[in-house]
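What follows is each chain in one-letter form.
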Amino acid sequence: MGYKLTVNSARRATRTLWLLMLVSLSVCICVCRASSPEEDSAMENIVTEKKAEESHRQDSADLLIFIMLLTLTILTIWLFKHRRFRFLHETGLAMIYGVLVGVVLRYGIHVPRDISNVTLSCHVNASPATLLVNVSGKFYEYTLKGEISATEVDDVQDNEMLRKVTFDPEVFFNILLPPIIFHAGYSLKRRHFFRNMGSILAYAFLGTVISCFIIGLLMYGCVMLMKQVGQLNGDFFFTDCLFFGAIVSATDPVTVLAIFNELQVDVDLYALLFGESVLNDAVAVVLSSSIVAYQPQGDNSHTFEVMAMLKSFGMFLGVFSGSFALGVATGVVTALVTKFTKLRDFQLLETALFFLMSWSTFLLAEACGFTGVVAVLFCGITQAHYTFNNLSPESQDRTKQLFELLNFLAENFIFSYMGLTLFTFQNHVFNPMFIVGAFLAVFLGRAANIYPLSFLLNLGRRNKIRSNFQHMMMFAGLRGAMTFALSIRDTATYARQMMFSTTLLVVFFTVWICGGGTTQMLSCLHIRVGVDSDQDNSMSIAEGSERRSTKQESAWLFRIWYNFDHNYLKPILTHSGPPLTATLPACCGPLARCLTSPQAYENECQLKDDDSDLILTDGDISLTYGDITVSTDATGAHTSGGPAGASAGGATSEDLDRELTYGDHELVMRGTRLVLPMDDSEPPFTDPHHRLRM
C-alpha cells in the first residue's frame, strides 16, 4: 500500500512538472511571438538610420567634389593670370576639370550592388511623381527620380554614384541662374549701352529670331535626311527643331568679354557683344517657351496652323512685356523703400533687403507664369539706375562685391557641371549626323544674324560697324550657361536627349576653340587693344565734331526718355537729380514738396553750411539742379542763376551728352551732383567713396 502511494505521488509530480514545462514553453512562445514585431521594427529602424547616415555621407562627398573643383579652378586661374596665359579662360578650365572628374566617377568608382533590390512590374498609363508601396501591411512613399533604359534595369544600383551627382534642373533655374542674370544687368555700363542701343536691340531681338528659324529649318532638313537613311530612332518634329534653334541661339561670350576687358578692346565692340548677350538670353528663354506652347487644334499637335502661330507670338509678347514690367516694378519698389526710410543707417539690413528683393523677382515671375530671366535682368538694370543711388557707400560696395562673387561661383559651378554631365548623364544620345548638322546650322545661323543686320544698321549709323568688328562678333558667338540650362531642363523624350547631348558638344567647342582663339583673332583682324575707354572717350568728346556725333547717334526715343527720367523719375525714386520743386509746374508745388524726401533738403542745407570743406581749389563749385544753378566761390558767397520756379522744361542735349560721357565719374555728396570746373581735356575728378552709379 505504501509502495502504491509512492508511485502515484511520483507520477503526479511528473505530470505536474511536464504541465509546468508546457505552460512555460507556451508562455515563452507567446512572449517571443509578441516581441518579434517589436524587435523587427527596431532592427528595421536601425537599418533605416544606417542607410540615412550613408546617404548623408554620400551627399556630403558629392558636394565636396564640386567644392574641390571650384577650389582647383580658382588656384589654376591665379596661375594663369600670374603667367598671363590667355589661351584658356576660367570657364573652359572648369569644364576640363569637370570632364576629368566625370571620367573618374564613370569608370573608376564602383558602388556595390544592394541585393535587397526588388523589381516588380505593373501597368499604369503615366509615371506618378510619388508612389505608395504596401510591404507587409506597411506603406512606404517613393519619389520619381527619372526614367532609365530597359538595358540598365539590372545595373541601377551600380549607377548610384552617377545619380547622386546629377542635380535637379530646377536647381539651375532657381538658384544658379538668378545671380548670373542679375549681375549682368547690375553691372551694365549705361553709357556705352545707350550709345549703341539701337544696334543691340536689333541683334538681340531680330537676330535671335532669325538665328532660331535658320537653325530650326536646317536641322529639320538634317532630321529628314537622318530618317531617310535610317539614323533616327525616335520622333523628331519641326517644333523640336525650332526649340533646338531657340536654345542654341542664346550666346554667352563670357570668355571673350573677359579677354576684351583685360586687353581693353574697343568699347563699342565690347558694348555690342555684351549688350547682345545680356538681352538675347532673355529673348531665347521666352522664344523657347513660346515654341513649347504652340498647340494647334486637332489630334496632330505638330501641324502648321496660322492661329496657333499667332497665339504663340502673342504669348511671346505677353510673357516678355509682363516679365519686363514685373522686374522694373520690383526695382522701383526697392528704390522707394530705400529712399523714404532710414534703412541706410543700418547697412547690414539695407544690403539684406536689396539682396532678397532682387532674388525674389525671379521667383515671383516664375510663380506668376512669366519668365524669371527677363524679370531679374531688368530688375538689375533698374536697381543699378535708381536703388544704387539711395544706398549707403558701404552697401554700394557690398552689393557690387556680393553679386560679383555669386556670379563668379555660379558660373564656374555650371561650367564644371557641364564637364561632369558629359560622363555622368545616363541618357545621352550622340548621333554623328545630327552633331555635324548642328555645328553647321549654328555657324550659318550666327552668320545670318550678324552680317545682314550689320549691313542694315550701317545704313543709319554714323559710327559704322566695321567689317573686322562683324567678323569678331561672328567668331565670339559662344554658347554657355543659358544654353545648357535650357537644354537640361527637359530630357524626357528621345529628341530632347539628343538635343542635350549635342548642345554639350557645341558649348565645349565654342568655349575651348573660339574662346581660346580670341587673342589670335584680335590680332588677325587688326582690332586695336590697350584703349582706356574713359580716357579715349573724354579725349574724343573734347573735340566738337565727336560731341556732335555722339548727340546725333543718341536715339531720339532715348533722348525723350532721358528728359523724363532726369526731371521726374530720378527726383522721385532717388536722392539725386534736380528737386521736383524745380522741374514740376508751379501748380504742382504741394505734390512736389510731398514727393521730395527730407534727404534732398538736408543735402541742400549741408552744402550751404559746409561747402567750404568741399572746395578743392580757388575755383567755383556749381550745384546744378536742372535749369537752376547755385554757385559758391572760394569766399563762401552764394549766387544763383536760371529761371526761378522753372517748369518741366527738360534737360538739354548738352546735359545728355555730358551724362553719357561722364556718367560714371560724377562726384556725389549725399546724393547731390557737384559739377567741378575743369579743363575739357582732363577726365573729371572721381571720389571712389562717393561715386554715382549710372
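Just so we're clear, the structure is a prediction, and the values are computed from it rather than from any experiment. (Residues numbered from 1 in each chain as written. Predicted model: local features only at pLDDT ≥ 70, side-chain atom pairs only at ≥ 80, totals over all residues. Heavy atoms only, no water.)

## Here's the deal with the pairing of strand 1 (residues 130–135)
As paired strands, strand 1 and strand 2 (residues 138–143) are joined by six bridges and run antiparallel to one another. Looking at strand 2, one finds that Val-133 is bridged to Tyr-140. Counting the residues between successive antiparallel strands, the hairpin from strand 1 to strand 2 contains two residues, one of them, Ser-136, with a positive phi of roughly 55°. (Pairing = 2+ DSSP bridges. Helix = DSSP H or I, 4+ residues; strand = E, 2+ residues; numbered from the N terminus.)

## Some words on the pattern of salt bridges
Counted by the stated rule, this structure contains seven salt bridges. The closest approach of N and O atoms between Glu-276 and Arg-446, which form a salt bridge, is 2.7 Å. On the criterion of sequence distance, the pair formed by Glu-276 in helix 9 (residues 267–292) and Arg-446 in helix 14 (residues 432–458) is long-range, its members being 170 residues apart. For the pair formed by Glu-276 and Arg-446, the shared burial category is buried. With a closest N to O distance of 4.0 Å, Glu-366 and Arg-489 form a salt bridge. Of the two residues, Glu-366 is situated in helix 11 (residues 347–367) and Arg-489 in the loop between helix 16 (481–488) and helix 17 (494–516); the sequence distance between them amounts to 123 residues. Judged by its relative accessible area of 27%, Glu-366 falls in the partly exposed class. By sharing partners, the salt bridges in this structure join Glu-170, Glu-366 and Arg-489 into a single network. (Salt bridge = Lys/Arg side-chain N within 4 Å of Asp/Glu carboxyl O. Buried < 20%, exposed > 50% of the residue type's maximum accessible area, 1.4 Å probe, protein only.)

## Comments concerning helix 6 (residues 197–228)
Taking 1.5 Å per residue, 32 residues should reach 46 Å; helix 6 reaches 46 Å between its end C-alpha atoms and fits that length. Where helix 6 bends most, at Gly-207, the angle is about 35°. Positive phi appears at Gly-230, one or two residues downstream of helix 6, with a value of about 75°. (Expected span 1.5 Å × (residues − 1). Bend = angle between axes of the 7 residues up to and from the residue.)

## Brief notes about the environment of Ala-495
Considering the arrangement of structural elements, one finds Ala-495 in helix 17. Look at Ala-495 and you get buried, because its relative accessible area is 3%. A C-alpha to C-alpha distance of 9.6 Å links Ala-495 and Phe-244, two positions 251 residues apart in sequence. Discounting chain neighbours no more than four positions away, the residues touching Ala-495 are Asp-235, Phe-236 and Asp-240. (Contact = heavy atoms within 4.5 Å.)

## A look at the packing of aromatic side chains
Under the defined criterion, the tally for this structure stands at 28 aromatic pairs. Plain terms: the ring middles of Phe-355 and Phe-403 are 5.8 Å apart, the flat faces sit at 35° to each other, and that makes the pair tilted. Here Phe-355, found in helix 11, pairs with Phe-403, found in helix 13 (residues 393–424); they are 48 residues apart in sequence, far enough to count as distant. Looking at Phe-355, the relative accessible area reads 22%, which means it is partly exposed. Assessed through its relative accessible area of 2%, Phe-403 is described here as buried. Looking at Arg-466, its charged tip hangs above the ring of Phe-469, at a distance of 4.2 Å from the centre. Positioned above the aromatic ring of Phe-173, the side-chain terminus of Arg-489 is 3.8 Å from the ring centre. (Phe/Tyr/Trp six-rings, centres within 6.5 Å; stacked < 30°, edge-to-face > 60°. Lys NZ or Arg CZ within 6 Å of the ring centre and 35° of its normal.)

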